[in-house]
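Report on the structure
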Amino acid sequence: MTLSPFRPGRRPVRRGGAPPGSPARKAAAALAAVLAAAVLAAGPAALAGTGGVLAAASVAQVISNTTAWIVGILAGVATLFLTLGGLRYLMAGGDPGEVEKAKTALKSAAIGYGLAILAPVIVTVLKSLVGG
């Protein structure tokens, strides 16, 4: 005998995380807004000691600066995916589809961190191949 999820006296189970407008969703949105504000506010502070002149002495300096920017952007995006994946996993509520989406976001974060770590190595290899 199989039991129906719609037995008299019981409400059907809603899956797919917190309902729209719930405190959990509002808290997640607030956390995302705070993280975005922190990332955007850190940009000008990082450039405060540069003296205002935006010129490079050589092509190697431009490549080095570009590599640093790429690593920073990759690490930031990977951190965003890690945060979103973790929040999705926490709010999945047992829904297999949401759990899979969370796992995909966490895998994307791992790939992003891997690329951020390997970016300087790739640039070094390319410089040695080109002769720089």
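Structural data are supplied above this passage.
1. Thoughts on the overall build of the protein
The helix and strand tally for the protein stands at three helices and zero strands. Going from N to C terminus, the protein has its helices and strands arranged as α-α-α. Relative to its 132 residues, the protein shows a buried fraction of 13%. The long-range fraction of contacts in the protein, counting pairs at least 24 apart against all pairs at least 6 apart in sequence, stands at 65%. Within the structure as shown, the protein displays about 9,800 Å² of accessible surface, and the carbon and sulfur contribution to it stands at 72%.

2. Describing the environment of L106
Along the chain, L106 turns up in helix α3 (residues 96-130). Expressed as a C-alpha distance, the spacing of L106 and A78, which sit 28 residues apart in the sequence, is 8.8 Å. Those residues within four positions of L106 in sequence are excluded, and the remaining contacts are L82, G85 and G86.

3. Details of the packing of helix α2 (residues 59-90) against α3
It is at 7 Å that the axes of α2 and α3 come closest, and there the two elements cross at 165 degrees. With respect to α3, the axis of α2 lies roughly antiparallel. Considering how the two elements wind past one another, α2 and α3 form a crossing that is left-handed. Of the residues belonging to the contact of α2 with α3, the class tally is 19 nonpolar, six polar and four charged.

4. Looking at a nonpolar patch on the surface
Taken together, the side chains of I117, L118, V121, I122, V125, L126, L129 and V130 present a nonpolar region at the surface, about 810 Å² in accessible area. Along the chain, the position of V130 falls in helix α3.

5. Things to note about the pattern of salt bridges
For the coordinates displayed, the defined rule picks out two salt bridges. The partner of E98 in a salt bridge is R88, and the shortest N-O contact between them spans 3.7 Å. Of this pair, E98 sits in helix α3 while R88 sits in helix α2, and the two are ten residues apart along the sequence. Of the residues examined, E98 reaches a relative accessible area of 18% and is grouped as buried. Judged by its relative accessible area of 37%, R88 is partly exposed. For E98, the salt bridge goes to K101, with nearest N and O atoms at 3.7 Å. Highlighted residues: E98 and K101, both in helix α3, separated by three residues, approximately one helical turn. Each of the salt bridges in this network shares a partner with another, and the network as a whole consists of R88, E98 and K101.

Thresholds applied
- Residues numbered from 1 in each chain as written.
- Predicted model: local features only at pLDDT ≥ 70, side-chain atom pairs only at ≥ 80, totals over all residues.
- Heavy atoms only, no water.
- Helix = DSSP H or I, 4+ residues; strand = E, 2+ residues; numbered from the N terminus.
- Buried < 20%, exposed > 50% of the residue type's maximum accessible area, 1.4 Å probe, protein only.
- Contact = heavy atoms within 4.5 Å.
- Areas by Shrake-Rupley, 256 points an atom, 1.4 Å probe, with all protein chains shown as cover.
- Axes fitted to C-alpha atoms, helices over the stretch in contact; angles between N-to-C directions.
- Parallel < 35°, antiparallel > 145°, perpendicular 65-115°, else oblique.
- Left-handed = near helix turned anticlockwise from the far one by under 90°.
- Nonpolar A, V, L, I, M, F, W, Y, C, P; charged D, E, K, R; others polar.
- Patch = residues over 30% accessible without salt bridge, like charges linked within 9 Å, V, L, I, M, F, W, Y side chains within 5 Å.
- Salt bridge = Lys/Arg side-chain N within 4 Å of Asp/Glu carboxyl O.

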